[in-house]
Amino acid sequence: MVVPLHGGAAYVGRSEGLGDELGFISVDQHSLQHSDRPEVFAIGDAADVPASKAGSVAHFEGEKLAHNIGRLLTGEPLDASYDGHANCFVETGFHKALLIDFNYDTEPLPGHFPTAMGLPLLKESHAHHLGKQAFEWPYLHSLLPGRELPGVGVEMPERGKRHIRA
Ligand SMILES: Cc1cc2nc3c(=O)[nH]c(=O)nc-3n(C[C@H](O)[C@H](O)[C@H](O)COP(=O)(O)OP(=O)(O)OC[C@H]3O[C@@H](n4cnc5c(N)ncnc54)[C@H](O)[C@@H]3O)c2cc1C
């Protein structure tokens with residue numbers, strides 16, 4: 001498998017001090033606010049935070065971003081609590097997939113999501129492939145319009161995860 005070097009948009013390099021050498025916008029990883037320019041925020045693939053470049057990350061960051069823009073405009077302190085939460089079905093081929101859930105501090109762990117009664121983590125199955133396909137409708141019609149979906153939240157759930165002792 002070959003992964004080419006990732007980079008941000010070309011305009012970032014043309015705006016002095018906006019981003020890093022790869023063109024990602026330099027923001028605080030918890031508040032998503034630019035390190036030097038308080039009026040600039042970045043999320044998703046544009047941000048230089050050490051989270052996955054993934055749809056779930058952009059979605060979770062979006063919630064914090066909307067919250068923090070409101071706080072900036074009303075002069076309140078920013079919410080610096082984004083934990084780097086990422087949650088993905090990963091297609092593994094032959095109509096199978098697995099589910100991973102992690103954040104800045106916690107690697108993808110085995111167990112269940114979002115609680116001990118939930119979906120198995122790090123276990124390849126046909127059910128997860130179907131789960132990925134079935135998730136499309138609730139994503140488009142529930143999460144994107146801003147409705148809550150039980151178990152899918154910004155903060156990474158701890159319950160159900162099995163920590164591995166070295
Ligand atoms: C092939 C592929 C498969 C993927 N599979 C998965 C997956 O299974 N699960 C997962 O979680 N993630 C997946 N990802 C990653 C995911 O798509 C991205 O992380 C996510 O879309 C990032 O969202 P974003 O809003 O930051 O950027 P984008 O989705 O890229 O949105 C940026 C938008 O800005 C627009 N734009 C750019 N420049 C300008 C401009 N100058 N003016 C106005 N608009 C502009 C672009 O047209 C685009 O619509 C995949 C990515 C790829 C490429």
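These numbers were taken from a predicted model, which means no experiment stands behind them.

About the cut-offs
- Residues numbered from 1 in each chain as written.
- Predicted model: local features only at pLDDT ≥ 70, side-chain atom pairs only at ≥ 80, totals over all residues.
- Heavy atoms only, no water.
- Helix = DSSP H or I, 4+ residues; strand = E, 2+ residues; numbered from the N terminus.
- Buried < 20%, exposed > 50% of the residue type's maximum accessible area, 1.4 Å probe, protein only.
- Contact = heavy atoms within 4.5 Å.
- Areas by Shrake-Rupley, 256 points an atom, 1.4 Å probe, with all protein chains shown as cover.
- Lys, Arg positive; Asp, Glu negative; His and termini not counted.
- Charge placed at Lys NZ, Arg CZ, Asp CG, Glu CD.
- Phe/Tyr/Trp six-rings, centres within 6.5 Å; stacked < 30°, edge-to-face > 60°.
- Near = heavy atom within 4 Å.
- Polar contact = N/O pair within 3.5 Å; in protein donor to acceptor, adjacent residues only side chain to side chain.
- Core = buried A, V, L, I, M, F, W, Y, C linked by side-chain atoms within 4.5 Å.
- pLDDT = per-residue confidence, 0-100.
- Salt bridge = Lys/Arg side-chain N within 4 Å of Asp/Glu carboxyl O.

Caption draft 1: Spotlight on the overall build of the protein. The secondary structure content of the protein amounts to three helices and four strands. When the helices and strands of the protein are listed from N to C terminus, the series reads α-α-β-β-β-β-α. Overall, the C-alpha framework of the protein stretches about 50 × 40 × 40 Å when taken along its three principal axes. For the protein, buried positions account for 36% of its 166 residues. Look at the contacts in the protein between residues 6 or more apart in sequence, and 44% of them connect residues 24 or more apart. Of the roughly 10,200 Å² of accessible surface on the protein, 59% is carried by carbon and sulfur atoms. The average position of the 13 basic charges and that of the 22 acidic charges among the side chains of the protein differ by 8 Å.

Caption draft 2: Expanded view of the packing of aromatic side chains. Under the counting rule described, the total for this entry stands at two aromatic pairs. Where Tyr82 meets Tyr104, the ring centres are 5.8 Å apart and the plane angle is 80°; that geometry is what we call edge-to-face. Within this pair, whereas Tyr82 is found in the loop between α2 (55-73) and β1 (86-93), its partner Tyr104 is found in the loop between β2 (96-102) and β3 (111-113), the two being separated by 22 residues in sequence. For Tyr82, a relative accessible area of 0% gives the class buried.

Caption draft 3: Molecular detail of the site of the ligand. Taken together, Gly44, Asp45, Lys53, Ala54, Gly55, Ser56, Ala58 and Lys132 make up the full set of residues near the ligand. Here an oxygen atom of the ligand sits 2.7 Å away from a polar atom, N or O, in the main chain of Gly55. A distance of 3.1 Å is found between an oxygen atom of the ligand and a side-chain nitrogen or oxygen belonging to Lys132. Look at the ligand: alone it shows 1,000 Å² of surface, and the protein chains cover 25% of it.

Caption draft 4: Examining the nonpolar core more closely. One finds Ile25, Val27, Val49, Val57 and Tyr82 to be the most contacted residues of the largest nonpolar core, which totals 21 residues. For this core, the secondary structure elements donating two or more residues are α2, β1 and β2. It is β2 that provides the largest number of residues to this core, a total of three residues. If we skip the residues at most four places from it in the chain, Ile25 touches Tyr11, Val12, Leu18, Gly19, His34, Val40, Ala42, Ala46, Ala47 and Asp48.

Caption draft 5: The arrangement of the confidence of the model for the protein in detail. With 99% of its residues at a pLDDT of at least 70, the protein reaches an overall mean of 94. By mean pLDDT, the top-scoring element of the protein is β2 (97), and the lowest-scoring one is helix α1 (residues 10-14) (93).

Caption draft 6: Highlighting the pattern of salt bridges. Per the counting criterion, the structure on display carries three salt bridges. Of the charged contacts, one joins Asp79 and Lys64 as a salt bridge, the two residues approaching to 3.3 Å between their closest N and O atoms. In this pair, Asp79 sits in the loop between α2 and β1 while Lys64 sits in helix α2, placing the two residues 15 residues apart along the sequence. One exposure class covers both Asp79 and Lys64, and it is buried.

Caption draft 7: The arrangement of unusual backbone geometry in detail. Cis geometry marks the peptide bond from Phe113 to Pro114, where omega comes out at 0°. With respect to the secondary-structure elements, Pro114 resides in the loop between β3 and β4 (119-121). A positive phi angle, close to 55°, is found at Phe94, a residue other than glycine. Structurally, Phe94 can be placed in the loop between β1 and β2. Relative accessible area serves as the criterion here: at 76%, Phe94 is assigned to the exposed category. Even without a glycine there, the phi angle at His95 is positive, about 60°.

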